[in-house]
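# Architecture and fold: a report
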Amino acid sequence: MKIENLTLTNFNDRQYKVHTYILEQNPELVEQKRPLAIVVPGGSFEHLSKREGEPVALAFNNQGFNSVVMEYNLVHDEGKIYPDAGLDVLTTVKYFRDRADEYHLDPERILTIGFSAGGHVVSVANNMAIDPEYQEKYGLKKDEVLPNKSILGYPLINIEKIGFPIPKDQMDKMPSEKKILDSALGVTRETPDTFVFQAWDDPVVLIGNSIEYLAALNKNKVSAEAHLFNHGYHGFSLARHNVQTKEREWQENPHVAHWFNLAMEWLKSEWGE
């Protein structure tokens, strides 16, 4: 496996880091071009969850993907979270699509997956890629920056639909534009086909986030699949024992852990495999 720590510069001239997990090329394989999973962890915009980074990337590697984990700016970094966080995603898509041969990638099978706050980043990035205003301002070309599919795990969609108050010292870092504050407002027919999963009893990112986003996808006739589990709370990542933290037994949940295999089945059906 080829592991790199890259520093990229986004469309707004801000630097950020990407960590690659690229499988060794095997000339004997029938399929030479691999899909790419761009993993965007959550962490309430305060930190980047390690449980939603490398373990997820490696799980995709195990399914034949090349993968990367992307960092983005947080509340304690200089400047606001947006537009840079969304532009980081679009820059990452373009960087690897432009280098598909170098990384042995299929440029038409690029997947973004965002958890919690990372789900907000991914969904906002999709909106930016198809919004003429952002295209003109940052020189974005949709065919270069828009991922082919997206997966959203217990995603923050509407920043006003969270189960706790945002600290006052962080409010000035939050977006004020309505279409960024609530990424469901930016969904169009061009939004990538999307897989959504969340627990119904999520006390942090309220279930209304997923429901609102799914309604927007449905309204705009975007193909989607959703799995809303009865119990699971928030931040369960792969919901497996090896990503459980101390004194949080609920993070291991065999039923909720099905989301990963379900997502793989969805991708195969979407890509005609």
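Attention here is on the structure that accompanies the text.

What counts, and at which threshold
Residues numbered from 1 in each chain as written. Predicted model: local features only at pLDDT ≥ 70, side-chain atom pairs only at ≥ 80, totals over all residues. Heavy atoms only, no water. Helix = DSSP H or I, 4+ residues; strand = E, 2+ residues; numbered from the N terminus. Buried < 20%, exposed > 50% of the residue type's maximum accessible area, 1.4 Å probe, protein only. Phe/Tyr/Trp six-rings, centres within 6.5 Å; stacked < 30°, edge-to-face > 60°. Contact = heavy atoms within 4.5 Å. Core = buried A, V, L, I, M, F, W, Y, C linked by side-chain atoms within 4.5 Å. Polar contact = N/O pair within 3.5 Å; in protein donor to acceptor, adjacent residues only side chain to side chain. Salt bridge = Lys/Arg side-chain N within 4 Å of Asp/Glu carboxyl O.

With an omega of 15°, the peptide bond between Tyr-82 and Pro-83 qualifies as cis. Within the secondary structure layout, Pro-83 lies in the loop between strand E4 (66–70) and helix H2 (84–98). In the Ramachandran plot, Asp-13 falls in the positive-phi region, its phi being about 65° despite a non-glycine side chain. With respect to the helices, strands and loops of the structure, Asp-13 is situated in the loop between strand E1 (2–9) and strand E2 (15–22). Looking at Asp-13, the relative accessible area reads 68%, which means it is exposed. In the Ramachandran plot, Ala-239 falls in the positive-phi region, its phi being about 60° despite a non-glycine side chain. Among the structural elements, Ala-239 can be located in the loop between strand E8 (224–229) and helix H9 (258–270).

Once that is clear, we can look at the packing of aromatic side chains. Taken as a whole and assessed by the stated rule, the structure comprises 18 aromatic pairs. Aromatic side chains Phe-65 and Trp-271 sit 6.4 Å apart centroid to centroid with 40° between the ring planes, which places their arrangement in the tilted category. A residue pair is termed long-range when its members are at least 10 positions apart, and Phe-65 in the loop between helix H1 (54–61) and E4 and Trp-271 in the segment after H9 qualify at 206 residues. Comparing Phe-65 with Trp-271 shows no difference in burial state: the two are buried. When the ring of Trp-259 is compared with that of Phe-260, the centres are 5.6 Å apart and the planes differ by 80°; the resulting orientation is edge-to-face. As far as burial versus exposure is concerned, Trp-259 and Phe-260 are alike and both buried. By the ring-pair criterion, three or more aromatic residues cluster together here, those being Phe-60, Phe-65, Phe-115, Tyr-154, Phe-195, Phe-197, Phe-236, Trp-259, Phe-260, Trp-266 and Trp-271.

By the secondary structure assignment, Ala-184 is in the loop between helix H7 (178–181) and strand E7 (193–199). In sequence terms Ala-184 and His-120 are 64 residues apart; their C-alpha atoms lie 9.7 Å from each other. Setting aside anything within four residues of it in sequence, one finds Ala-184 in contact with Ile-157, Glu-212, Tyr-213 and Ala-216.

On to the nonpolar core. Phe-45, Tyr-72, Tyr-82 and Phe-96 are the most contacted members of the largest nonpolar core, which totals 57 residues. Ranked by residues supplied to this core, first place goes to helix H3 (residues 117–130) with eight residues. Setting aside anything within four residues of it in sequence, one finds Phe-96 in contact with Leu-6, Val-18, Thr-20, Leu-36, Val-68, Tyr-103 and Leu-105. Among the nonpolar cores identified, the runner-up in size contains 31 residues, and Phe-60, Phe-115, Ala-199 and Val-256 belong to it.

Among the secondary structure elements, Asn-253 is positioned in the loop between E8 and H9. In this structure the side chain of Asn-253 is engaged in a polar contact, spanning 3.4 Å, whose partner is the backbone oxygen of His-231. Dropping the residues within four chain positions of it, Asn-253 is found in contact with His-231, Gly-232 and Ala-239.

Moving on, we get to the pattern of salt bridges. Taken as a whole and assessed by the stated rule, the structure comprises 11 salt bridges. Residue Arg-14 is joined to Asp-88 by a salt bridge in which the shortest nitrogen-to-oxygen separation is 3.3 Å. Taken together, the residues span a long stretch of sequence, with Arg-14 in the loop between E1 and E2 and Asp-88 in helix H2 at a distance of 74 residues. A salt bridge links Asp-131 to Lys-179; the shortest N-O distance between them is 2.9 Å. Placement of Asp-131 in the loop between H3 and helix H4 (132–138) and of Lys-179 in helix H7 is noted, with a sequence separation of 48 residues between them. Judged by relative accessible area, which is 28%, Lys-179 ranks as partly exposed. Residues joined in a network through salt bridges with shared partners are Asp-131, Glu-133 and Lys-179.

Relative to the helices and strands, Thr-194 resides in strand E7. Look past the residues within four positions of Thr-194 in its chain and what remains in contact with it is Ser-150, Leu-152, Tyr-213, Leu-217, Ser-223, Ala-224, Glu-225 and Trp-266.

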